[in-house]
Each structure stands twice: as structure tokens, then as C-alpha cells.
Amino acid sequence: METGAITQYVDVAQIVLYMFWAFFAGLIFYLVREGHREGYPLDNGRDEGGPKQTGWPIPEPKVYKLANGREVLAPDVNRLDSTYSAQPTHGWLGAPLEPVGDPLLAGVGPGAWAARADEPDLYHGNHIKIVPLRIAADHGVMSQDVDPRGLPVYGADKQLAGTVKDLWIDRAEMMFRYLEVSLTGGQTVLLPMTFSRIKSKGVFVGAILAGQFANVPKTKSMEQITLLEEEKITAYYGAGTLYATPERQEPMF
């Protein structure tokens, strides 16, 4: 037998190769299990609710300590990812979901949202990032820009929805995130800046109609907004890009 041979058919190099294969397979197994901590692919895509074990073994939960002192468990099998009101258009798994009830609140399609923490986003020093200008009095609108406060807000149907009452600023990113709109019916809702077009004559919104502003999800406080509230508010306007009118669901040509 040659140098390194253990038997006539097995040698040291062959054993090392097999050990490497076993190590590499174990590494892949470990990495795939760790990838399940963020939810993929624990949900079968059909049922509502939190993560579900589907085939691949899920690692034991770990506690992650965030900078603000909050602790997060991952994976959290009791977490409710989201809720939606819809039914599949066909019987096969993965079929598109069709909204049931108010499509802007159904939580599907462009209106889908994730169950983020129901706490405000924080930045350095544990200060709340997004607040209205009446709280962040040291910020303001640049003189060369249009100050939307007091301007009328129009929906996609060109009808008056309300008036801009205030702006909400992200103090960490130094940019405006929301317009606070006082509706004609007396309610107050938030309008994401990305869904608005500010002009000297008013603020124009193409995502939803004037009458649909009344159902925009509300915040618990008018001085701060939580991550979950941001998800739901933005999802409402996103849903309007497809579901605000029946015509938007039809083919373009």
C-alpha cells in the first residue's frame, strides 16, 4: 500500500474529503435554520397568523437586545404577522387573493402590511424620530419651498378632502414624512409625503378619492406615530393605487 493508505481502498485524503463534506453539509443546515429566524419560509402563504413550522426544523428562539433596551424574540411563534380580509380567486395554493369588504383595508396586494412593533421609531438618545412641527419647533420649511400648512388637499377625483394642519418631520433623516390633514368632516389623518404632490394651489393626492380619506387608519397619539401605525397608514394609500376605483383593476389597454 502507498503512503497514507489505511486499507487497500481507504486512505487519509479520502477520509479528510468525507469530513469536509460532512462539515459543509452541517454548515448549510445551520445557515438555513438561522435563516428561518426572520420568517422565511415558515408561513405557507395561505393561512393568517404567525410563523408555522413547515418541514425544515426551526432553531430554538433567541432573545435579541436592542439599543433602546427592548428585547425581541426570534423566531416568535406567537407573533401575528398581519391580518387580511380576502379569499383566493382559485383553489390552488398560491392563487391571488381577492379583497373582501373594503379593499383599502383588506391588507392584500399593494395594501399589505407587516406587523411591526407598535412603538415609535427612535434615534440617538432614545428620542422619537417622527413628530409634528409643533413639537419640533426648531425645524421648519425652507423659505424657497411651498409651505403646505393651510393649503387644501384634493383626492384623485379632484374633490376637496380637507386642509393641511401640520407637517411631521423625521428628526433623524431631516426630512418631512407626513402631512397632518384636517378633513372636512372634522377628523384628522396623516398623509405620507410620498403620496402627495404639493403645489402653490393645494396638495393633490392621486392614490385615493376625497371621500376615502375618512377611513385612513388613525394614530393613538397626535404627537407620535408607531412603526405599526406607519405600516397600516402607508398600506391604505398603497391599496388605493389599485383599489380606489374599479377601473384601476382593469387592463390598461
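Here, every reference points to the structure presented above.
These numbers come from a predicted model, not from an experiment. (Residues numbered from 1 in each chain as written. Predicted model: local features only at pLDDT ≥ 70, side-chain atom pairs only at ≥ 80, totals over all residues. Heavy atoms only, no water.)

Peer 1: I'm lost on the overall build of the chain in this one. Help?
Peer 2: Counting secondary structure elements, the chain contains two helices and 13 strands. Within the chain, the fraction of its 253 residues that count as buried is 30%. Across the chain, contacts joining residues at least 24 apart in sequence account for 56% of those joining residues at least 6 apart. (Helix = DSSP H or I, 4+ residues; strand = E, 2+ residues; numbered from the N terminus. Buried < 20%, exposed > 50% of the residue type's maximum accessible area, 1.4 Å probe, protein only. Contact = heavy atoms within 4.5 Å.)

Peer 1: What is the right way to look at the pairing of strand β1 (residues 62-65) in this model?
Peer 2: Every regular strand shows the same layout, with side chains that alternate between the two sheet faces. In the sheet, β1 pairs with strand β2 (residues 71-74) via four bridges, with the strands oriented antiparallel. Paired with K65 across the strands is E71, a residue of β2. Here β1 folds back onto β2 in antiparallel fashion, the turn holding five residues, of which G69 has a positive phi close to 95 degrees. (Pairing = 2+ DSSP bridges.)

Peer 1: Help me understand the pattern of salt bridges, please; the structure alone is not making it clear to me.
Peer 2: Oppositely charged side chains may form a pair once their charged atoms are brought near each other. Tallying each qualifying case throughout the model produces 11 salt bridges. One connected set of salt bridges, linked through shared partners, spans D121, K129, D170 and R177. (Salt bridge = Lys/Arg side-chain N within 4 Å of Asp/Glu carboxyl O.)

Peer 1: Please clarify how the nonpolar core should be interpreted in this entry.
Peer 2: One broad rule of soluble globular proteins: the nonpolar side chains tend to lie buried together. Residues V153, L191, I208, F213 and Y237 are the most contacted members of the largest nonpolar core, which totals 36 residues. Counting only elements with at least two residues in this core, the list comes to β7 (130-132), β9 (160-170), β10 (175-183), β11 (188-192) and α2 (227-243). What L191 contacts, discounting residues up to four positions off in sequence, is V153, R177, Y178, L179, V181, S196, V203, V205, F213 and Y237. (Core = buried A, V, L, I, M, F, W, Y, C linked by side-chain atoms within 4.5 Å.)

Peer 1: How should the environment of L227 be read in this particular structure?
Peer 2: With respect to the helices and strands, L227 occurs in helix α2. Separated by 106 residues in the primary sequence, L227 and D121 have C-alpha atoms spaced 6.2 Å apart. Contact partners of L227, with chain neighbours within four places excluded, come to R116, A117, E119, P120 and D121.

Peer 1: Explain the environment of R79 to me, please; I cannot follow it from the model alone.
Peer 2: Relative to the assigned elements, R79 resides in the loop between β2 and β3 (86-88). Here R79 falls in the partly exposed class, since its relative accessible area comes to 27%. Here the alpha-carbon distance between R79 and A115, two residues 36 residues apart in the chain, equals 8.3 Å.

Peer 1: Just to check I follow, could you spell out a nonpolar patch on the surface for this structure?
Peer 2: Side chains of L17, Y18, F20, W21, F23, F24, L27, I28, Y30, L31 and V32 sit close together on the surface and give an oily, nonpolar patch of about 1,100 Å² of accessible area. Secondary-structure assignment places I28 in helix α1 (residues 12-35). Residue classification places I28 among the partly exposed positions, given a relative accessible area of 41%. (Patch = residues over 30% accessible without salt bridge, like charges linked within 9 Å, V, L, I, M, F, W, Y side chains within 5 Å. Areas by Shrake-Rupley, 256 points an atom, 1.4 Å probe, with all protein chains shown as cover.)

Peer 1: Would you mind going over the packing of aromatic side chains with me for this structure?
Peer 2: A ring pair, where both rings are aromatic, is described by two values, the distance of the centres and the angle of the planes. One pass over the structure, following the stated rule, counts six aromatic pairs. Among the aromatic residues, those joined into a ring-pair cluster are F195, F213, Y236 and Y237. A cation over a ring is seen here: K199 above F204, with NZ or CZ 5.6 Å from the ring centre. K232 extends its terminal NZ or CZ atom over the ring of W113, reaching a point 4.9 Å from the ring centre. (Phe/Tyr/Trp six-rings, centres within 6.5 Å; stacked < 30°, edge-to-face > 60°. Lys NZ or Arg CZ within 6 Å of the ring centre and 35° of its normal.)

Peer 1: Hey, could you run me through unusual backbone geometry in this one?
Peer 2: Glycine aside, negative phi is the norm for most residues, and most peptide bonds take the trans geometry. Omega for the bond connecting A74 with P75 falls within 30 degrees of zero, at -5 degrees, which places this linkage in the cis form. Its location among the elements puts P75 in the loop between β2 and β3. With a phi angle near 60 degrees, N126 is a residue other than glycine that sits in the positive phi range. As for its placement among the helices and strands, N126 is situated in the loop between β5 (122-123) and β6 (127-128).

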